[in-house]
Amino acid sequence: MIGKHVSELPTPSFVVRQGIIDNNLRMATDLAKEMKVQMRPHVKTHKVAELGIMQREAAGELFQGIVASTLPEVQMFADHGFTDITYCIPIVPVRYQSVLAIAKKIDKLRLFIDNQVAAESLQAFGKSNDFVFDILMKVDTGYHRAGTPWDSKATVDLAQFINSCSHLSFGGIYSHSGHAYDARGSKKAQEMAVEEGERLSTVARHIQDKGIAVPVLSVGATPTIMCNKQSWSAATEVHPGNYVFFDLQQVSAGACTVDDVRQQRKPNYN
């Protein structure tokens, strides 16, 4: 429906203004360049292949792949040519066969693990299917929704265990500062960002002290990424998602202005 006049659209329709999206993508990319981190954009906000392509093109040489929240999202973006996808829900056995099928078709499907039971289970499945899974260890740096605690020895132990598994490939660590959505203003969002970067970097140092490489340190949420002008410590990449559209919650957190929010719903008058 790109290029159609709004009067030609069926109702109800969700309408976005491409010029505003282009500007939002450019703002996030410029900030990533300024902070010297790469980008692994999240696609859960829109779930649209064309917008994912726009994210990829806007990120340019900073682009490291995408992050998706559901297996249908992973499959759809894989079908549209995305070859490096992170499935950002800690993996469970009921999804093993599905992720195996997708992982065999693309260059890299990264899976989340945040406990040893899950690691042991996936290792056994990988061994029985002669397949090595790429792993990012999910670390809780303050959101408390998922992840192994950043300040626990068990987190380093888990990294060592994953690294020792013949059919798991330890690729790094990942944190999501979702609690930053509760920030009221850019100063607080930046404080959360700096804290997340410092905590994840501390985890990385402890793992590296055990002789294990940590090539990926992935941080962020849209409020922290858009507000942080100070430091990401040793983080290598950010994974914003909502920045494509923004919303009034992002305005409240100081991530954008009302002028950056330009999606709307065309009501159903039929």
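These figures come from a predicted structure and were not determined experimentally.

A. Just the overall build of the protein, in detail. Broken down by element type, the protein carries nine helices and 11 strands. Its C-alpha atoms give the protein a radius of gyration of 19 Å, near enough to 18 Å, the size a compact globule of 270 residues would have. With the C-alpha coordinates of the protein rotated into their principal frame, the extents come out at 60 × 40 × 30 Å. Counting only residues that meet the buried cut, the protein has 53% of its 270 residues in that class. Restricting to contacts in the protein with at least 6 residues of sequence separation, those with at least 24 account for 70%.

B. Summary view of the packing of aromatic side chains. Summed over the entire model, instances satisfying the criterion amount to five aromatic pairs. Centroid distance F77 to F82: 5.4 Å. Interplanar angle 80°. Geometry classified as edge-to-face. In this structure F82 comes out as buried when scored by relative accessible area, which is 2%. A connected cluster of aromatic rings, assembled from ring pairs, spans Y96, F125, F131 and F133. Seen from the ring of F82, R56 lies directly overhead, with NZ or CZ sitting 4.5 Å from the centre.

C. How the structure looks around the packing of helix α1 (residues 18-35) against helix α2 (residues 49-59). Relative orientation of the contacting elements α1 and α2 amounts to 45°, with a least axis distance of 9 Å. With respect to α2, the element α1 is oriented oblique. Of the two elements, α1 crosses α2, and the hand of that crossing is right-handed. Where α1 approaches α2, its residues Q18, I21, D22, L25 and T29 are matched on the opposing element by L51, M54, Q55, A58 and A59.

D. Up close: the pairing of strand β6 (residues 133-140). For β6, a buried count of eight out of eight residues is recorded, marking the element as mostly surrounded by other parts of the structure. Burial along β6 is two-sided: the residues F133, I135, M137 and V139 and D134, L136, K138 and D140 are all buried. Note that the unit made of strand β5 (residues 108-113), helix α5 (residues 116-128) and β6 has a crossover that is right-handed. Across five bridges, the pairing between β6 and strand β8 (residues 168-174) is parallel. For I135, the partnering residue across the bridge sits in β8 and is F170. Bridging between β6 and strand β7 (residues 148-149) involves two bridges; their strand directions are parallel. Across the sheet, residue D140 finds its bridge partner in β7, namely P149.

E. Focus on the pattern of salt bridges. In the structure shown here, the tally under the stated rule is eight salt bridges. Across the salt bridge formed by K47 and E73, the nearest N and O atoms sit 3.6 Å from each other. Taken as a pair, K47 in the loop between β2 (38-39) and α2 and E73 in helix α3 (residues 71-79) lie far apart in primary sequence, 26 residues in all. Using a relative accessible area of 45% as the deciding quantity, one classes K47 as partly exposed. Assessed through its relative accessible area of 5%, E73 is described here as buried. Sharing partners across several salt bridges, the network here consists of R40, D84, R110 and E237.

F. Local environment of α2. Within α2, burial applies to A49, L51, G52, M54, Q55 and A59. Tucked into the core, α2 has its buried residues touching α1, β2 and α3. Residue G60 follows α2 closely and has a positive phi angle near 60°.

G. Focus on unusual backbone geometry. With an omega dihedral of -5°, the bond running from T11 to P12 counts as a cis peptide bond. Examined against the element boundaries, P12 turns out to sit in the segment before β1 (13-16). One non-glycine residue with positive phi stands out, namely K36, at about 60°. Relative to the assigned elements, K36 resides in the loop between α1 and β2. K36 sits in the exposed class, given a relative accessible area of 72%. Phi is positive for H144, close to 65°, though the residue is something other than glycine. Relative to the helices and strands, H144 resides in the loop between β6 and β7.

Conventions we followed
Residues numbered from 1 in each chain as written. Predicted model: local features only at pLDDT ≥ 70, side-chain atom pairs only at ≥ 80, totals over all residues. Heavy atoms only, no water. Helix = DSSP H or I, 4+ residues; strand = E, 2+ residues; numbered from the N terminus. Rg over C-alpha atoms; globule rule 2.2 N^0.38 Å. Buried < 20%, exposed > 50% of the residue type's maximum accessible area, 1.4 Å probe, protein only. Contact = heavy atoms within 4.5 Å. Phe/Tyr/Trp six-rings, centres within 6.5 Å; stacked < 30°, edge-to-face > 60°. Lys NZ or Arg CZ within 6 Å of the ring centre and 35° of its normal. Axes fitted to C-alpha atoms, helices over the stretch in contact; angles between N-to-C directions. Parallel < 35°, antiparallel > 145°, perpendicular 65-115°, else oblique. Left-handed = near helix turned anticlockwise from the far one by under 90°. Right-handed = clockwise from strand over helix to strand, strands pointing away. Pairing = 2+ DSSP bridges. Salt bridge = Lys/Arg side-chain N within 4 Å of Asp/Glu carboxyl O.

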